[in-house]
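Here is what each chain is made of, one letter per residue.
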Amino acid sequence: MSSNVWPPVPTNENANDREARLAAEREAKRISDEIDRALEQERQELRKRRPQTKILLLGQAESGKSTMIKHFQLFFCPSQFAAETEAWRTVIHLNLARFVNHVLQVLSTAGSASGKSDPNVRMLQMRLSPLKQVELILSRAINEESPSQLSSPTEETSKPTWRPRAAPEVSIRGGSGWKTLMRRRKGSTAAKSPSIPDEVEDARQILDACKDDIVALWQSSILRTLEEEGMDLHHHARYFLDNAARVANLSYTPTTDDILRARLRTLGVEEYRMTMETAAEKGSDWVFYDVGGSRNQRAAWASYFDDVNAVIFLCPMSGFNQRLSEDGSVNRLFDSMELWETVCKSKLLANAMFILLLNKADILYAKLKAGIKFEDYVASYHGRPNKAEYVADYLREQMILTHRMCSPKRRQLHAHVTCAIDTTVMGAVLNSIRDCILVIILQQTTLL
Ligand SMILES: Nc1nc2c(ncn2[C@@H]2O[C@H](COP(=O)(O)OP(=O)(O)OP(=O)(O)O)[C@@H](O)[C@H]2O)c(=O)[nH]1
Ligand SMILES: [Mg+2]
């Protein structure tokens, strides 16, 4: 008998003693197994009874819903956020390649139309032509939907007469599991789709080889002229073009700021399950629904309204001088206000807690500072200071009023002014949202 058996077998044991000992051991094991089973059953019951927190993010397209999801991951599930860095690298490269291709296309049209052809620019156009292939490969790698032609908000200004179409955005269908797909592709050694990782690697090499030319193109004076003439570039496009030398480098790893700026338009509804990793909420499961915000996507929202604990509604304040890309006759801010009213009125959401985020405060600030007058677009603001904090207060008051007038019954509303690309500002907002949600969980647990 081996000496490391516990309890040690008595050396002077006779046959009867042995039989009695084995029977006692069997009984002890039976009791222990029974306890384990009971504990497991209790755990399962608890898991079933634990309220799953359901949070819905609503708002028009480009309001910042998916960016908020990234923040929730970053603050409450940091390991999940870190694990997705690689997938975001591909999206960021696709963003960059698409913007450059868009600029090249605008250049070729404008160049022939207004006689601005310059041999240096023509040379850059030729040397950057492989980026079309890069865009194709990366789009295929994330299984992108075919890019929409109605993709960007349009600035409301009477100045430019010639208006090239905005760059089509990168879009992905909710539920496509693209991040998992990217992780599997990265991990797979030539199993199912051998060509894709190789292709992506090729695309990265091409981008790296083109980086100096991208920088030269972005810095060329002709681009400033095109911008003055109304070339429509998203804020995130500008950010990635400003950082092109770093982003296109072969050894590039996305920073948190880069990931927050990456644009991936949501189509349909994407579900995110997060098991919280931090502080008081540790171990609890939160389920987020991130919806596509453009008008043709909104019909799908209602089927997610059942049993919602919290609604986070994003209103991009900077949209006051923009029109919807899907309907050029509608002002973005007015659309947002109307949408807020509809959401407030919903009977299905009557019991949910509401969180209102007046987002894109940085762009609002920049626009007002540049002399664009808020009252020129929102007549009811007439005579008030053209300052971001006053405008934000005004919008907050209006939206709180709408909530009070339209809600089917009294319920909590928490409103914050946000800039969803600024992690320092968002820290405090996220803590406050977390606290509100924890109170809901507590209330539900007490009610059970
Ligand atoms: N400057 C600035 N950019 C922001 C802010 N919030 C979000 N963005 C950027 O705006 C772009 C659109 O944000 P998303 O989160 O993708 O918008 P969305 O509401 O999910 O849009 P859809 O999926 O089309 O419904 C991204 O490039 C973000 O980085 C902000 O407060 N300031
Ligand atoms: Mg989105």
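Given the structure is predicted, the values throughout are model-derived calculations rather than measurements.

1. A short note on the sheet that holds strand E6 (residues 285-291)
Moving on, step 1. Here 6 strands make up an open sheet; going across it, the order is E5-E6-E1-E7-E9-E10 and the pairing mixed. Lying at the two open borders of the sheet, with one neighbouring strand each, are strand E5 (269-275) and strand E10 (413-417). On average, each strand axis in the sheet is inclined to that of its neighbour by 20 degrees, with strand direction left out of account.
Moving on, step 2. The pairing of strand E1 (residues 53-58) with strand E7 (residues 310-316) spans 4 bridges and is parallel. When the sheet's bridge partners are listed, Ile55 is paired in E7 with Ala310.
Moving on, step 3. Sheet strands touched by helix H2 (residues 65-76): E1, E5, E6 and E7. Its angle to E6, the strand with the most contacts, is close to 160 degrees.
Moving on, step 4. Those strands touched by helix H13 (residues 332-345) are E1 and E7, and its axis lies near 165 degrees from that of E7.

2. So, the UniProt feature "binding site: Mg(2+)" (unreviewed entry) in the protein
Moving on, step 1. When the UniProt feature table is mapped to this numbering, "binding site: Mg(2+)" (unreviewed entry) covers Ser66 and Thr266. Across 201 residues of sequence, these annotated residues stay compact in space, with a maximum C-alpha separation of 7.7 Å.
Moving on, step 2. Following the sequence through the fold, Ser66 ends up in helix H2.
Moving on, step 3. If sequence neighbours within four positions are ignored, Ser66 has contacts with Leu264, Thr266 and Asp290.

3. What about the packing of helix H14 (residues 361-369) against helix H15 (residues 388-406)?
Moving on, step 1. Their axes nearest at 9 Å, the elements H14 and H15 cross at an angle of 125 degrees. Relative to H15, the element H14 lies oblique. For the pair H14 and H15, the crossing hand works out as right-handed. Contacts from Ala361, Leu364, Tyr365 and Leu368 of H14 reach H15 at Ala388, Val391 and Ala392.
Moving on, step 2. The residue inventory of the contact of H14 with H15, partitioned by class, reads 7 nonpolar, no polar and no charged.

4. Comments concerning the confidence of the model for the protein
Moving on, step 1. On average, residues of the protein carry a pLDDT of 85, and 83% of them reach 70 or more.
Moving on, step 2. Below pLDDT 50 for its whole length, residues 148-155 participates in 30 contacts with residues either more than four positions away or in separate chains.
Moving on, step 3. Contacts for the low-pLDDT stretch residues 157-164, under 50 throughout, to residues beyond four places or in other chains number 10 contacts.
Moving on, step 4. Under the prediction, the complex receives an ipTM of 0.99, its pTM being 0.82.

5. Examining the packing of H13 against H15
Moving on, step 1. At a closest axis distance of 9 Å, the pairing of H13 and H15 adopts a crossing angle of 30 degrees. Seen from above, H13 lies across H15 with right-handed handedness. Contacts between H13 and H15 involve Trp340, Glu341, Cys344 and Lys345 from the former and Met399, Thr402, His403 and Cys406 from the latter.
Moving on, step 2. Classifying every residue of the contact of H13 with H15 gives 4 nonpolar, 2 polar and 2 charged.

6. Overview of the site of ligand 1
Moving on, step 1. Around ligand 1 there are 24 residues in total, and Gly64, Ser66, Thr266, Gly293 and Ala420 lie nearest to it.
Moving on, step 2. Within the residue set of the shell around ligand 1, elements represented by two or more residues are H2, helix H10 (235-242), helix H12 (256-261), strand E4 (265-267) and H14.
Moving on, step 3. Per-element tally for the shell around ligand 1: the top contributor is H2, with 3 residues.
Moving on, step 4. Here the residues of the shell around ligand 1 are counted per class, giving 6 nonpolar, 11 polar and 7 charged.

7. Quick look at the environment of Ala415
Moving on, step 1. Checked against the element boundaries, Ala415 lands in strand E10.
Moving on, step 2. Residues Ala415 and His234, 181 residues apart in the sequence, show an inter-C-alpha distance of 26 Å.
Moving on, step 3. Leave out the neighbours within four places in its chain, and Ala415 touches Leu356, Leu358, Arg396, Met399 and Ile400.

8. Concerning the pairing of strand E9 (residues 353-359)
Along any regular strand, the residues point their side chains to alternate faces of the sheet.
Moving on, step 1. Taking burial as the measure, the 7 residues of E9 include 7 buried ones, the bulk of the element.
Moving on, step 2. Residues Met353, Ile355, Leu357 and Asn359 point to one face of E9 and Phe354, Leu356 and Leu358 to the other, with burial holding for every one of them.
Moving on, step 3. One ladder, built from 7 bridges, connects E7 with E9; its direction is parallel. Residue pairing in the sheet places Ala310 in a bridge with Met353 of E9.
Moving on, step 4. In terms of strand pairing, E9 meets E10 through 5 bridges, oriented parallel. Within E10, the position partnered with Leu356 by the bridge is Ala415.

Reading the values: rules and limits
- Per chain, the residues get numbers from 1 upward, laid out in the order the sequence is written.
- For naming, the first written chain is A and the first written ligand is 1, with later ones following in the order written.
- For a predicted model such as this one, the threshold for reporting local features is a pLDDT of at least 70, and the threshold for listing and counting side-chain atom pairs is 80 or more; totals across whole chains, interfaces and linings nevertheless cover every residue.
- One requirement defines pairing of two strands: DSSP has to find at least two bridges between them.
- By definition, any uninterrupted DSSP run of H or I lasting at least four residues is a helix, any uninterrupted run of E lasting at least two residues is a strand, and each is numbered from the N terminus.
- Structural elements are reduced to axes, namely lines fitted to C-alpha atoms, with helices fitted over the stretch in contact, and the angle between N-to-C directions of any two is expressed from 0 to 180 degrees.
- Residues are defined as contacting one another if the C-beta atoms placed from their backbone atoms lie within 7 Å.
- UniProt positions are given in the numbering used here, feature names are shortened, and annotations may be inferred rather than shown by experiment.
- Should an angle lie under 35 degrees it is considered roughly parallel, over 145 roughly antiparallel, and from 65 to 115 roughly perpendicular; all remaining angles are considered oblique.
- Crossing handedness is read from the near helix: turned anticlockwise from the far helix by less than a right angle, it gives a left-handed crossing, and turned clockwise, a right-handed one.
- Residues were grouped as follows: Ala, Val, Leu, Ile, Met, Phe, Trp, Tyr, Cys and Pro as nonpolar; Asp, Glu, Lys and Arg as charged; and all remaining residues, including Gly, as polar.
- The quantity known as pLDDT measures the predictor's confidence residue by residue, on a range of 0 to 100.
- All residues are tested the same way: a C-beta atom is placed from the backbone, and lying within 6 Å of a molecule or strand makes the residue near it.
- Put simply, a residue is buried when 20 or more other C-beta atoms lie within 10 Å of its own C-beta and exposed when 12 or fewer do; between those, it is partly exposed, and each C-beta is set from the backbone.

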